[in-house]
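Each chain, letter by letter, is given below.
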Amino acid sequence: TLALERTEDDLLRRTTRSILADEVVHARFGFDYLDAARPWLESHPEARASLSAYLRRAFAVLEAALAGPTGGPPPDTEERALGLASSAASHALFHDVMEHAIVPGLEAAGLDAGLAWRARV
């Protein structure tokens, strides 16, 4: 992201890249696991329906924990140098990842993630 590229401290930039790469591995593992579980989920529609219903609450909790507020002061010069993005940018990034990566990936696995995302409570 642009905030990462603005990070002036080399160690912090490398560490952040490493953490982000690790998160990509976690996501791929989760989607691979769902793909492997697809036959079981297809033969157990009640489990698939239960997971889909659970996503409504899970998405809401995830959003509260990770999306951050949309307002707030912009990062100052030192904070930007450390890679801190504005709260609005962080909020937008969270929603972009959810709507263009997580939800479609879960939908591809046969879960009603789009409906759950729109109906999160």
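Residues numbered from 1 in each chain as written. Predicted model: local features only at pLDDT ≥ 70, side-chain atom pairs only at ≥ 80, totals over all residues. Heavy atoms only, no water.

A. Fine view of helix H2 (residues 10-43). Taking 1.5 Å of rise per residue, the 34 residues of H2 would be expected to cover 50 Å, and the 50 Å separating its terminal C-alpha atoms lies within 8% of that figure. Approximately 55° is the largest bend angle found in H2, and it occurs at Ala-37, with the proline Pro-39 only one to four residues beyond. When we look at burial in H2, the residues that qualify are Leu-34, Ala-37 and Leu-41. For H2, the N-terminal capping position is held by Asp-9, with its side-chain oxygen 3.2 Å away from the main-chain nitrogen of Leu-11. (Helix = DSSP H or I, 4+ residues; strand = E, 2+ residues; numbered from the N terminus. Expected span 1.5 Å × (residues − 1). Bend = angle between axes of the 7 residues up to and from the residue. Buried < 20%, exposed > 50% of the residue type's maximum accessible area, 1.4 Å probe, protein only. Polar contact = N/O pair within 3.5 Å; in protein donor to acceptor, adjacent residues only side chain to side chain.)

B. Representation of helix H3 (residues 45-66) within the structure. Taking 1.5 Å per residue, 22 residues should reach 32 Å; H3 reaches 30 Å between its end C-alpha atoms and fits that length. Along its length, H3 reaches its greatest deviation from straightness, about 30°, at Leu-55. Turning to H3, its buried residues number three or more, namely Ala-47, Ser-52, Leu-55, Ala-58, Phe-59, Ala-60 and Glu-63. Tucked inside the fold, the buried residues of H3 contact H2, helix H5 (87-108) and helix H6 (113-118). Immediately downstream of H3, the backbone of Gly-68 shows phi near 75°, a positive value. (Contact = heavy atoms within 4.5 Å.)

C. Structural view of the packing of H2 against H5. In the contact formed by H2 and H5, the axes pass within 10 Å of each other and the chain directions differ by 15°. Relative to H5, the element H2 is oriented roughly parallel. Here H2 runs over H5; the crossing is right-handed. Contact with H2, carried on its side by Phe-31, Leu-34 and Arg-38, involves Ala-101, Ile-102, Gly-105, Leu-106 and Ala-108 of H5 and no other residues of that element. Here the residues of the contact of H2 with H5 are counted per class, giving six nonpolar, one polar and one charged. (Axes fitted to C-alpha atoms, helices over the stretch in contact; angles between N-to-C directions. Parallel < 35°, antiparallel > 145°, perpendicular 65-115°, else oblique. Left-handed = near helix turned anticlockwise from the far one by under 90°. Nonpolar A, V, L, I, M, F, W, Y, C, P; charged D, E, K, R; others polar.)

D. Representation of the layout of surface pockets in the model. In this structure, the largest pocket encloses a volume near 1600 Å³. In terms of lining residues, the largest pocket is bounded by 44 residues, among which Leu-20, Glu-23, Leu-66, Phe-94 and Val-97 are the most central. If you list the elements that add at least two residues to the lining of the largest pocket, you get helix H1 (2-6), H2, H3 and H5. No other element matches the 16 residues that H2 contributes to the lining of the largest pocket. A breakdown of the residues in the lining of the largest pocket according to their chemical character gives 33 nonpolar, nine polar and two charged. (1 Å grid on protein atoms, 1.4 Å probe; cavity = no way out; pocket = protein on both sides within 12 Å on 5 of 7 lines; lining within 4 Å. Points joined across faces, edges and corners; volume = space filled by probe spheres on them.)

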